[in-house]
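# Summary of structural features
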2 protein chains.
Amino acid sequence: MNDVAEKTGVSKTTISRIINQIPNAASKETVERVLKAIDELGYYPNQVAASLKRTTTRTIGLVMGDIENPFFGLMIKGVEEVVRSSGYSLILANSNYDDALEHDLCMLMLSKQVDAILIAPSGFSSCKQYAPILDRQTHVVFIDNYVPGCNVDSVIVNNYEASKEACDYLISLGHKKIAFIAGPANRISSDQRTKGFVGAMEEEFGSLEPSLLKRGDHTIAGGYRCMAELLQQPEIPTAVFASNNLMTVGALGAIKDAGLSIPSDISILGFDDMYWYSINQPSLTAVDQPAYEIGQTAAKRVVMRLRNKKQPSPEVIELKAKLIVRDSTAPPQPHRNAPKT
Amino acid sequence: MNDVAEKTGVSKTTISRIINQIPNAASKETVERVLKAIDELGYYPNQVAASLKRTTTRTIGLVMGDIENPFFGLMIKGVEEVVRSSGYSLILANSNYDDALEHDLCMLMLSKQVDAILIAPSGFSSCKQYAPILDRQTHVVFIDNYVPGCNVDSVIVNNYEASKEACDYLISLGHKKIAFIAGPANRISSDQRTKGFVGAMEEEFGSLEPSLLKRGDHTIAGGYRCMAELLQQPEIPTAVFASNNLMTVGALGAIKDAGLSIPSDISILGFDDMYWYSINQPSLTAVDQPAYEIGQTAAKRVVMRLRNKKQPSPEVIELKAKLIVRDSTAPPQPHRNAPKT
DNA sequence: TCGGTTTCGTTAATCGTTTTCCTAAATCGA
DNA sequence: TCGATTTAGGAAAACGATTAACGAAACCGA
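Being a predicted model, the structure only gives us computed values, none of them experimental.

## Overview of the pairing of strand β5 (residues 153-157) of chain B
All names here are of chain B. With five of its five residues buried, β5 lies for the most part within the structure. Neither face of β5 is exposed, since Asp 153, Val 155 and Val 157 on one face and Ser 154 and Ile 156 on the opposite face are all buried. As paired strands, strand β4 (residues 139-143) and β5 are joined by three bridges and run parallel to one another. Looking at the pairing, Phe 142 lines up with Ser 154 of β5.

## Some words on the pairing of strand β9 (residues 267-271) of chain B
All names here are of chain B. Within β9, five of the five residues are buried, leaving the element largely enclosed by the surrounding structure. Examined bridge by bridge, strand β8 (residues 239-242) and β9 share four bridges and lie parallel to one another. Bridge pairing in β9 links Ala 242 to Gly 270. Regarding topology, helix α11 (residues 245-257) serves as the crossover connection from β8 to the parallel β9, and that connection is right-handed. In this sheet, strand β10 (residues 285-288) lies alongside β9 in parallel orientation, the contact comprising three bridges. Of the residues in β10, the one forming a bridge with Phe 271 is Val 287.

## Re the sheet that holds strand β12 (residues 322-324) of chain B
The strands that make up a sheet pair up through hydrogen bonds in the backbone, lying either parallel or antiparallel. Residues and elements named next belong to chain B. Here six strands make up an open sheet; going across it, the order is β7-β6-β8-β9-β10-β12 and the pairing mixed. The outermost strands of the open sheet, each flanked by one partner alone, are β7 (213-215) and β12. With strand direction ignored, the average angle separating the axes of adjacent strands in the sheet is 20°. Relative to β7, strand β6 (residues 178-182) is paired through three bridges, and the arrangement is parallel. Each bridged residue has a counterpart across the sheet, and for Ile 181 the counterpart in β7 is Lys 214. Each of β6, β7, β8 and β9 touches helix α9 (residues 188-205); the most contacted strand, β6, lies at about 165° to it.

## Some points on the layout of surface pockets
For the largest pocket, the calculated volume is near 1,000 Å³. The wall of the largest pocket is formed by 36 residues, among which Ser 111 of chain A together with Pro 45, Asn 46, Gln 47 and Ala 50 of chain B lie closest to the centre. Those elements that place two or more of their residues in the lining of the largest pocket are α4 (47-54) and α6 (99-111) of chain A together with α2 (12-19) and α4 (47-54) of chain B. Of the residues forming the lining of the largest pocket, the biggest block, seven residues, is contributed by α4 of chain B. For the lining of the largest pocket, the per-class residue count stands at 13 nonpolar, 16 polar and seven charged.

## A word on the protein's contact with DNA strand C
Near DNA strand C lie 24 residues; those nearest to it are Ser 11, Thr 13 and Thr 30 of chain A together with Lys 12 and Ser 16 of chain B. Close to the protein, within 4 Å, the atoms of DNA strand C belong to sugar or phosphate groups at a rate of 53%. One of the side-chain N or O atoms of Ser 16 of chain B is found 2.4 Å from a phosphate oxygen in DNA strand C. Secondary-structure elements contributing two or more residues to the surface near DNA strand C are α2 (12-19) and α4 of chain A together with α2 and α4 of chain B. A total of four residues in the surface near DNA strand C trace back to one element, the largest contributor, which is α2 of chain B. For the surface near DNA strand C, the residue count by class is eight nonpolar, eleven polar and five charged.

## Some words on the UniProt feature "domain: HTH cro/C1-type" (unreviewed entry) in chain A
Look at the UniProt record and you will see "domain: HTH cro/C1-type" (unreviewed entry) annotated at residues 3-41 of chain A. Span residues 3-41 of chain A is 72% helix and 0% strand, its end C-alpha atoms 8 Å apart.

## A short note on the relation of the copies chain A and chain B
At an RMSD of 0.1 Å, chain A and chain B line up after a rotation of 180° and a shift of 0.0 Å along the axis. The symmetry that links the two subunits is that of a two-fold axis. When C-alpha distances to the rotation axis are compared across chain A, the minimum falls at Ile 91 of chain A, with a value of 2.2 Å. Looking at the interface residues of chain A, 100% of them are also at the interface in chain B, so both copies use one shared face.

## Considering the packing of helix α10 (residues 220-232) of chain A against helix α11 (residues 245-257) of chain A
All names here are of chain A. One way to put it is that α10 packs onto α11 with a least axis distance of 6 Å and a crossing angle of 45°. One element, α10, and the other, α11, form an angle in the oblique class. Between α10 and α11 lies a crossing of right-handed hand. Along its contact with α10, which presents Ile 220, Gly 223, Tyr 224, Met 227, Ala 228 and Leu 231, the element α11 presents Leu 246, Met 247, Val 249, Gly 250, Ala 251, Gly 253, Ala 254, Ile 255 and Asp 257. When its residues are assigned to classes, the contact of α10 with α11 shows eleven nonpolar, three polar and one charged.

## Quick look at the protein's contact with DNA strand D
Neighbouring DNA strand D are 25 residues, the closest being Ser 16 and Asn 46 of chain A together with Ser 11, Arg 17 and Ser 27 of chain B. For DNA strand D, the fraction of atoms within 4 Å of the protein that belong to sugar or phosphate moieties is 57%. At a separation of 3.1 Å, a base oxygen of DNA strand D approaches a polar side-chain atom of Thr 13 of chain A. Between a base nitrogen of DNA strand D and a side-chain N or O atom of Arg 17 of chain A, the distance comes to 3.3 Å. Listing elements by their share of the surface near DNA strand D, those giving two or more residues are α2 and α4 of chain A together with α2 and α4 of chain B. Across the surface near DNA strand D, the residue classes break down as nine nonpolar, eleven polar and five charged.

## Concerning the sheet that holds strand β5 (residues 153-157) of chain A
The strand order across the open sheet formed by twelve strands is β11(A)-β5(A)-β4(A)-β3(A)-β1(A)-β2(A)-β2(B)-β1(B)-β3(B)-β4(B)-β5(B)-β11(B), and the pairing between neighbours is mixed. A strand with exactly one partner marks an edge of an open sheet, and here the two such strands are β11 (316-319) of chain A together with β11 (316-319) of chain B. Strand-to-strand twist across the sheet, computed as the mean angle between neighbouring axes with direction ignored, equals 20°. Looking at chain direction, strand β3 (residues 116-119) of chain A and strand β4 (residues 139-143) of chain A are connected through four bridges and run parallel. The partner of Ile 117 of chain A across the bridge, within β4 of chain A, is Val 140 of chain A.

## A few points about the state of the cysteines
Residue and element names in this part refer to chain A. Applying the stated rule across the entire model yields two disulfides over all chains. What pairs with Cys 127 in a disulfide is Cys 150, and their sulfur atoms sit 1.7 Å apart. Sign of the S-S torsion, about 100° for the bond between Cys 127 and Cys 150, identifies this disulfide as right-handed. Linking Cys 127 in the loop between β3 and α7 (131-134) with Cys 150 in the loop between β4 and β5, this pair joins segments that are 23 residues apart in sequence.

Conventions we followed
- Residues numbered from 1 in each chain as written.
- Chains lettered and ligands numbered in written order.
- Predicted model: local features only at pLDDT ≥ 70, side-chain atom pairs only at ≥ 80, totals over all residues.
- Heavy atoms only, no water.
- Buried < 20%, exposed > 50% of the residue type's maximum accessible area, 1.4 Å probe, protein only.
- Helix = DSSP H or I, 4+ residues; strand = E, 2+ residues; numbered from the N terminus.
- Pairing = 2+ DSSP bridges.
- Right-handed = clockwise from strand over helix to strand, strands pointing away.
- Axes fitted to C-alpha atoms, helices over the stretch in contact; angles between N-to-C directions.
- Contact = heavy atoms within 4.5 Å.
- 1 Å grid on protein atoms, 1.4 Å probe; cavity = no way out; pocket = protein on both sides within 12 Å on 5 of 7 lines; lining within 4 Å.
- Points joined across faces, edges and corners; volume = space filled by probe spheres on them.
- Nonpolar A, V, L, I, M, F, W, Y, C, P; charged D, E, K, R; others polar.
- Near = heavy atom within 4 Å.
- Polar contact = N/O pair within 3.5 Å; in protein donor to acceptor, adjacent residues only side chain to side chain.
- UniProt positions renumbered as here; feature names shortened; annotations may be inferred.
- Least-squares fit on C-alpha atoms with pLDDT ≥ 70 in both.
- Parallel < 35°, antiparallel > 145°, perpendicular 65-115°, else oblique.
- Left-handed = near helix turned anticlockwise from the far one by under 90°.
- Disulfide = S-S within 2.5 Å.

This is how it looks when you write it as structure tokens:
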């Protein structure tokens, strides 16, 4: 910047104003002269210095539990798109669903003076753990999950209703022995799905046989294990509902390894629609979460907060997940194969 | 920081030293007193200011063409893991394979004073376009692709050999009419795969029938279109090799819609292995790229450059992609179904 | 002609750290 | 006991922008 000033014989103030396009900053000729010098010298402003003085970095942090999961991948894309086109940069970090790491990453971001943080909460059941982060002046939006007790913007999906709807659909096909592969209990979004399933089953059948509810951990291996256990039971379920995409894949693997065919031996339905579900043989029935829109919505919310002077009170924004019926679900067959052992 | 200084009656210098764990910075008691005050006041250092003074931000940029693609998702995870555990933060940006945007994003990152940039080049055929970025003091590593003429660290995969090997495998099964769904010609990685295919075919059959080579664009839609065109031909190929994951999915869709079955009517093989290929019906033969390792390797390379005083000359690091044979490839059947039209 | 706006520009303080150069006391070897 | 070294700590100058406060022309209407 000093070089530009020297070369053009103009003060740094004026240069700064020209770069930031302050109206009436300089005469036409000066602007041209400065722009030319900037170009010739290949000068570009040091945003670190600018950020320091401005006390805003035009950077937004995003902390996720598992950036490898394509569902989150799509969500990240939605966030990135809005963040970038709004003039911000994105700092991304992966917590591996580790509460302590998640906390440290958030603190690191605060230290880096991000203007806002988007957090996909790993699964703290209480808001207390987030207090040190929420106490700062930084804006926070929870994404894909919310934390009860925290009065914070959250963008989620109607997990309970969508899950219940999916289970009701299986019931409507005539299934009675419907198994559920649940996610971690301490994550609200996951818990809501479990509740939706349980709700539908109890409504229909009065109570739920405990052996039909397996607890996985949102991984392929977990899904496989749960499904394998279900297939060990003397009478295997006629339908299975997996509570996220990776567990669905695991369950599919276990079904395949058991030599069962879908949907004649067992129906399967997954939470999260994946791009390849429609071309799978058979194509897979799933609850489609609008991952991209979730990301966009959360990012828009945070940008709104950064731009507006007036701060509306925090809101829980609920997007709709909807059931997509394909070929992996069918009425139960009276005479099914037993799994090959 | 001033508050801490005031509270403890110690200078900012000492506090800074304690925070940065400079050896012999202060006596035990002083350290304790300061740490206590820091904790009580909830002070955390402003990394923007620190970065300004240090002239290093401990931040690394990553520019990708399509962060939604699960292949890149896994690569990002590899990068993130190494970057984070090495004490850096990651700024992520998506260029949508747009050359101009890619350039702007890189400049923005330079402006933000990232210590290094990892770029998955969108497909510039020449190094000239990268010159303004490479001229700076910042370290650059190309990832997943390299740019001829640029003397820059690059982490890639043996695209040519892996592609040739895959094609040779199809030939060894007895296929003669093997189609290839190619990616963009201006991206070297993609071009190498095309060359590998063409090389294998010419080596075996002398020449390549041009109608067997379709050019897609690395999207599902492109893969579908190419496959549909191939199925329009009077004599359809007995095997098809798609040059990336999304085009493979598109091709699968077209095959499904044509009512053909795999592998009896047509064999299919894809570049990029996906986590669900093994549970697909039939499981899919694919060339497995070590996406996670690619990301890790590139990140490690850049961290090495940031840490070492000595700078070794730029290197092209080639990881091995390997063919995984599954059920979607089989010898050609003499009497095949024609596609339903 | 004169006060009041614009217009174009400058000077200098400031953001919150790190780091260079000091100093004073304590320790130490001979 | 004396010089040399080590240890503990401080004062103040950066880092490279932004911005408040101010000033000199130039313009303008009455």
